[in-house]
Amino acid sequence: MILLAIIQDVFSIFKKRDLLFIKRIQETENIYTFLFEKAEDNIWKAGQHGLFTITHQKIKDHTRAFSIASAPNEDVIQVTMRVSDAPSDFKKSMLGLKQGDSIKMAGPVGPFYLKEKQPTILVAGGIGITPFRSVLKQLETEGTGKKHDIHLLYSDSNKDFVFREELENISEKTSISIAYIETKKQLQQELATLATLYSNNGKYLIAGPKSMVNDMATYLQKQTISKKNIIKDILIGY
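Along each chain, residues carry numbers from 1 onward, in the same order as the chain's sequence is written. Reporting of local features is limited, given that this is a predicted model, to residues whose pLDDT is at least 70; pairs of side-chain atoms are given and counted only at 80 or more, and all residues count toward the totals for whole chains, interfaces and linings. Remark: hydrogens and water are excluded; side-chain values derive from all non-hydrogen atoms of the structure.

Chemist: Even after reading the chapter, I still don't get the sheet that holds strand β11 (residues 230-234), so can you show me in this structure?
Modeler: Strand pairing in a sheet relies on backbone hydrogen bonds. The paired strands run either parallel or antiparallel. DSSP calls a pair of strands paired once it identifies at least 2 bridges connecting them. In this text, helices come from DSSP runs of H or I with a minimum length of four residues, and strands from runs of E with a minimum of two, each type numbered from the N-terminal end. The strand order across the open sheet built from five strands is β9-β8-β7-β10-β11, with neighbouring strands paired in parallel fashion. Either end of the sheet is taken by a strand with one partner, and the two such strands are β9 (177-181) and β11. Neighbouring strand axes in the sheet, compared pairwise and without regard to direction, differ in orientation by 15° on average. Looking at chain direction, strand β7 (residues 120-125) and strand β8 (residues 150-155) are connected through six bridges and run parallel. Among the inter-strand pairings, Thr120 is bridged to a residue of β8, identified as Ile150. Relative to β7, helix α3 (residues 130-142) is tilted by about 140°, and along the sheet it contacts β7, β8, β10 (203-208) and β11. Across the sheet, helix α6 (residues 210-222) lies against β7, β10 and β11, angled at about 160° from β10, the strand it touches most. Lines are fitted to the C-alpha atoms to define the axes, a helix being fitted only along its stretch in contact, and any angle between axes, read from their N-to-C directions, falls within 0 to 180 degrees. Contact criterion: two residues are considered in contact whenever any of their non-hydrogen atoms come within 4.5 Å of each other.

Dropping the structure here:
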């Protein structure tokens, strides 16, 4: 199965599609969502990421990987990212997109998606919520969010909590539970409780900055969670 996934990723990287820009939404002071038209052959698993290439301007580092924040059954490609006060050329170009412009997307790639209907704990650090927005929207639409235990631990020391209203709506329609967390200690406490509850059959998906992802993966292993039940998605700021 792992080999097959790797082969599929390799082939998908070589298939590039033009994405026509629709609009930009400012979610918070420094977080932006970009919406693109979705072609009929744009297929991905909720949680995967794409390789996006700037084509409307000439910049040096023109290709970057971002999680696809929209669910496969939505009619747009959504990319949400944090933009600092001193953004990279790539993010400057994203902010400069106008209607009629397009970028390219290769992929999807990556093993970061739900594979089995078993108790699942989703751990998001800051902008690491993006792949989980896709996962939860997909579960809501399919009506499968009530069929197995899913817990989202959404940690954000900045208290931005992007998509909070949308996530709350999903939670109300499904059995998915969501905890909003502001400190590392609180996150570890929540993880310890869930690790005890699902010590034998839980799956843990962690997305966010490298230090947070690795710290939480290490913490889970100290709680006797098998490494094979921990899937990591490290998001790079660029």
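Chemist: Explain the packing of aromatic side chains to me, please; I cannot follow it from the model alone.
Modeler: We describe a pair of aromatic rings using the distance from one ring centre to the other and the angle between the two ring planes. The pairing test for Phe, Tyr and Trp rings, Trp by its six-membered ring, is centres within 6.5 Å, and the orientation test on the planes gives stacked under 30 degrees, edge-to-face over 60, and tilted for anything in between. All chains considered together, the criterion is met by six aromatic pairs. Between Tyr154 and Tyr180, the ring centres sit 6.0 Å apart and the planes meet at 45°, which makes this aromatic pair tilted. In this pair, Tyr154 is assigned in strand β8 and Tyr180 in strand β9, connecting sequence segments 26 residues apart. Among the aromatic side chains, those forming a connected cluster through ring pairs are Tyr154, Phe161 and Tyr180. The lysine or arginine in question, Lys45, covers the ring of Tyr113, its NZ or CZ lying 5.1 Å from the ring centre. Only lysine NZ and arginine CZ atoms are considered, and such an atom sits over a ring when it is within 6 Å of the ring centre and within 35 degrees of the ring normal.

Chemist: Can you walk me through α6 in this structure?
Modeler: Since the α-helix turns once every 3.6 residues, residues separated by three or four places project in the same direction. With 13 residues, α6 ought to run about 18 Å at 1.5 Å a step, and its terminal C-alpha atoms sit 18 Å apart, in line with that. Only protein chains enter the accessibility calculation, which uses a 1.4 Å probe. A residue is then buried if its area is under 20% of the maximum for its type, exposed if over 50%, and partly exposed in between. Those residues of α6 that fall on the buried side of the exposure criterion are Met212, Val213, Met216, Ala217, Tyr219 and Leu220. Axial view of α6: buried residues confined to an arc of 160°, hence all on one face. Seen from the open side of α6, the exposed residues pointing more than 90 degrees away from its buried face are Lys210, Ser211 and Lys222. Looking at the residues trailing α6, positive phi occurs at Thr224, about 70°. Working rule for helices: expected span equals 1.5 Å times residues minus one. It is the directions from the helix axis to the C-beta atoms that the arc portrays.

Chemist: What is the right way to look at unusual backbone geometry in this model?
Modeler: Trans is the common state for peptide bonds, and a negative phi is the common state for residues other than glycine. Looking along the chain, the bond that leaves Gly107 and enters Pro108 is cis, with omega of 15°. Although it is not a glycine, Phe161 sits at a positive phi angle of roughly 45°. Mapped onto the secondary structure, Phe161 falls in the loop between β8 and α4 (164-173). Overall, the relative accessible area of 6% leaves Phe161 in the buried class. Its identity as a non-glycine residue notwithstanding, Phe163 has a phi of 70°, on the positive side. Relative to the assigned elements, Phe163 resides in the loop between β8 and α4.

Chemist: Can you help me understand the confidence of the model for the protein chain in this one?
Modeler: A low pLDDT means the predicted coordinates there should not be read in detail. Per-residue pLDDT for the protein chain has a mean of 90; in total, 92% of the residues score no lower than 70. For the stretch residues 1-11, pLDDT sits under 50, and the model shows four contacts to residues farther than four places along the chain or on other chains. Residue-level confidence of the predictor, termed pLDDT, takes values from 0 up to 100.

Chemist: Teacher, can you tell me more about the packing of helix α5 (residues 184-197) against α6 here?
Modeler: Angle between the axes and distance between the axes: these two values describe a pair of packed helices. Relative orientation of the contacting elements α5 and α6 amounts to 40°, with a least axis distance of 11 Å. With respect to α6, the axis of α5 lies oblique. Judged by the twist between their axes, the crossing of α5 over α6 is right-handed. On the side of α5, the interface is formed by Lys184, Leu187, Gln188, Leu191 and Ala192, while α6 contributes Met212, Asp215, Met216, Tyr219 and Leu220. Should an angle lie under 35 degrees it is considered roughly parallel, over 145 roughly antiparallel, and from 65 to 115 roughly perpendicular; all remaining angles are considered oblique. Note: crossing handedness is left-handed where the near helix turns anticlockwise from the far helix by less than a right angle, and right-handed where it turns clockwise.

Chemist: What's the story with the sheet that holds strand β6 (residues 102-109) in this structure? I'm lost.
Modeler: Pairing within the open sheet is antiparallel, and its six strands lie in the order β4-β3-β6-β1-β2-β5. Edge strands, defined here as strands with exactly one partner in the open sheet, are β4 (63-67) and β5 (76-82). Going from strand to strand, the sheet's axes swing by 40° on average, the running direction of each strand aside. Note that strand β2 (residues 31-37) and β5 share seven bridges and pair antiparallel. Looking at β5, one finds that Leu35 is bridged to Gln78.

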